[in-house]
Amino acid sequence: MAVGVLALQGSFNEHIAALRKIGVTGVEVRKPSQLEAVEALIIPGGESTTMAKLAHYHNLFPALREFVSLGKPVWGTCAGLIFLANKATGQKLGGQELIGGLDCTVHRNFFGSQIQSFETELAAPKLAEQEGGSDRCRGVFIRAPAILKAGPGVEVLADYTIPSDKLRSVASDTEAEEAIAYSQGKVIVAVRQGNILGTAFHPELTSDTRW
Ligand code: GLN
């Protein structure tokens, strides 16, 4: 299978290296014609405003939206997850164009700025169906988003209970506060909706290739 990795900005090299570990060649995608040559796509983490500007410059949005709507497998990590969401909040920087497709509201930079980046252990029951049988994985969160709302067709694969020492640094706008109160301190960090997989964290920066 030819797996494309959107290579405009961000951690695309790390995704290509992770694909190599499982014997898959990752193909760098920068142009609409390159998207036609791949069967699946990874949208990496990075900086979603910059990535959107570059995608716009390369006229990639129509091809990306078509790719998603045709039901081809697409995985977005971090900024890639933001890109795939139908709605993004926490837009202090003015926002960006989205591909959409994932019936979720994703809050950018939910956990705070760069220095609030963190690693934690997550439980994702679906992972236990794979080799090794463990549902645990390492979650690397870098200026990470969180999913505040997910529609009925969205399967939640992992959530994260915000520890009390982090509650002070997470986003404090109305949407974030309402969502945290409603979920009693939990946010969603990995989802699947049909052909779309989204993770707020970066599995490609760990040795775990299951995601
Ligand atoms: N904070 C970034 C954004 O809003 C995402 C960070 C990441 O991809 N590691 O685009």
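Bear in mind the structure is a predicted one, so any value in this text is a computation, not a measurement.

**Focus on helix H4 (residues 61-69)**
For step 1, the next point in the chain: Along H4, the residues that are buried comprise Phe61, Ala63, Leu64, Phe67 and Val68. Angularly, the buried residues of H4 cover 165° about the axis, an arc narrow enough to put them on a single face.
For step 2, the next point in the chain: Immediately downstream of H4, the backbone of glycine 71 shows phi near 85°, a positive value.

**Regarding the pairing of strand S7 (residues 118-123)**
For step 1, the next point in the chain: With burial as the criterion, only one face of S7 is covered, namely that bearing Phe118, Thr120 and Leu122; the residues Glu119, Glu121 and Ala123 on the opposite face remain uncovered.
For step 2, the next point in the chain: Across six bridges, the pairing between S7 and strand S8 (residues 136-141) is antiparallel. What sits directly across from glutamate 119, in S8, is valine 140.

**Brief notes about the UniProt feature "binding site: L-glutamine" (unreviewed entry) in the protein**
For step 1, the next point in the chain: Mapped onto the present numbering, the UniProt feature "binding site: L-glutamine" (unreviewed entry) falls at Gly46, Glu47, Ser48, Arg108, Ile142 and Arg143. Across 98 residues in sequence, these annotated residues keep their C-alpha atoms within 12.8 Å of one another, forming a single compact spot.
For step 2, the next point in the chain: Checked against the element boundaries, glutamate 47 lands in the loop between strand S3 (40-43) and helix H3 (48-57).
For step 3, the next point in the chain: Looking at the element boundaries, arginine 143 is found in the loop between S8 and strand S9 (146-150).
For step 4, the next point in the chain: Taking the relative accessible area as the measure of exposure, arginine 143 reaches 33% and is therefore partly exposed.
For step 5, the next point in the chain: If sequence neighbours within four positions are ignored, arginine 143 has contacts with Gly46, Cys78, Asn109, Gly112, Ser113, Gln114 and Ser117.

**Focus: the site of the ligand**
For step 1, the next point in the chain: Near the ligand, the surroundings consist of Gly45, Gly46, Glu47, Ser48, Cys78, Ala79, Ile82, Arg108, Asn109, Ile142, Arg143 and His202.
For step 2, the next point in the chain: One of the backbone nitrogen or oxygen atoms of glycine 46 is found 2.8 Å away from an oxygen atom of the ligand.
For step 3, the next point in the chain: For the ligand, the protein covers 97% of the area, taking 300 Å² as the surface of the free molecule.
For step 4, the next point in the chain: Of the residues belonging to the shell around the ligand, the class tally is four nonpolar, five polar and three charged.

**Some points on the pattern of salt bridges**
For step 1, the next point in the chain: Inspection of every chain in the model, using the stated rule, returns 11 salt bridges.
For step 2, the next point in the chain: When the shortest N-O distance is used, the salt bridge between lysine 87 and glutamate 175 registers 2.9 Å. Taken together, the positions of lysine 87 in strand S5 (residues 85-89) and glutamate 175 in helix H7 (residues 174-182) put the pair 88 residues apart, joining distant regions of the chain.
For step 3, the next point in the chain: Judged by its relative accessible area of 38%, lysine 87 falls in the partly exposed class.
For step 4, the next point in the chain: According to the relative accessible area criterion, glutamate 175 is partly exposed, its value standing at 30%.
For step 5, the next point in the chain: Connected via shared salt-bridge partners are Glu121, Asp135 and Arg136.

**Looking at the environment of arginine 138**
For step 1, the next point in the chain: Among the secondary structure elements, arginine 138 is positioned in strand S8.
For step 2, the next point in the chain: For arginine 138 and alanine 123, which are 15 residues apart along the polypeptide, the C-alpha to C-alpha distance reads 8.9 Å.
For step 3, the next point in the chain: Leave out the neighbours within four places in its chain, and arginine 138 touches Glu119, Thr120, Glu121, Phe201 and Thr206.

**Side note on the layout of surface pockets**
For step 1, the next point in the chain: Considered as a void within the structure, the largest pocket measures approximately 690 Å³ in volume.
For step 2, the next point in the chain: Among the secondary structure elements, those contributing two or more residues to the lining of the largest pocket are helix H1 (12-21), S3, strand S4 (74-77) and strand S12 (196-199).

**Focus on H1**
For step 1, the next point in the chain: Among the residues of H1, Phe12, His15, Ile16, Ala18 and Leu19 are the ones counted as buried. Along the axis of H1, the buried positions cluster into a sector of 160°, meaning they face one direction only. Residues of H1 that are exposed and angled more than 90 degrees away from the buried face: Arg20 and Lys21.
For step 2, the next point in the chain: Buried residues along H1 sit in contact with strand S1 (3-6), strand S2 (26-29), S3 and S4.
For step 3, the next point in the chain: Where H1 ends, the next residue or the one after it, glycine 23, has phi of about 80°, a positive value.

Reading the values: rules and limits
Residues numbered from 1 in each chain as written. Predicted model: local features only at pLDDT ≥ 70, side-chain atom pairs only at ≥ 80, totals over all residues. Heavy atoms only, no water. Buried < 20%, exposed > 50% of the residue type's maximum accessible area, 1.4 Å probe, protein only. Helix = DSSP H or I, 4+ residues; strand = E, 2+ residues; numbered from the N terminus. Arc of directions from axis to C-beta. Pairing = 2+ DSSP bridges. UniProt positions renumbered as here; feature names shortened; annotations may be inferred. Contact = heavy atoms within 4.5 Å. Near = heavy atom within 4 Å. Polar contact = N/O pair within 3.5 Å; in protein donor to acceptor, adjacent residues only side chain to side chain. Areas by Shrake-Rupley, 256 points an atom, 1.4 Å probe, with all protein chains shown as cover. Nonpolar A, V, L, I, M, F, W, Y, C, P; charged D, E, K, R; others polar. Salt bridge = Lys/Arg side-chain N within 4 Å of Asp/Glu carboxyl O. 1 Å grid on protein atoms, 1.4 Å probe; cavity = no way out; pocket = protein on both sides within 12 Å on 5 of 7 lines; lining within 4 Å. Points joined across faces, edges and corners; volume = space filled by probe spheres on them.

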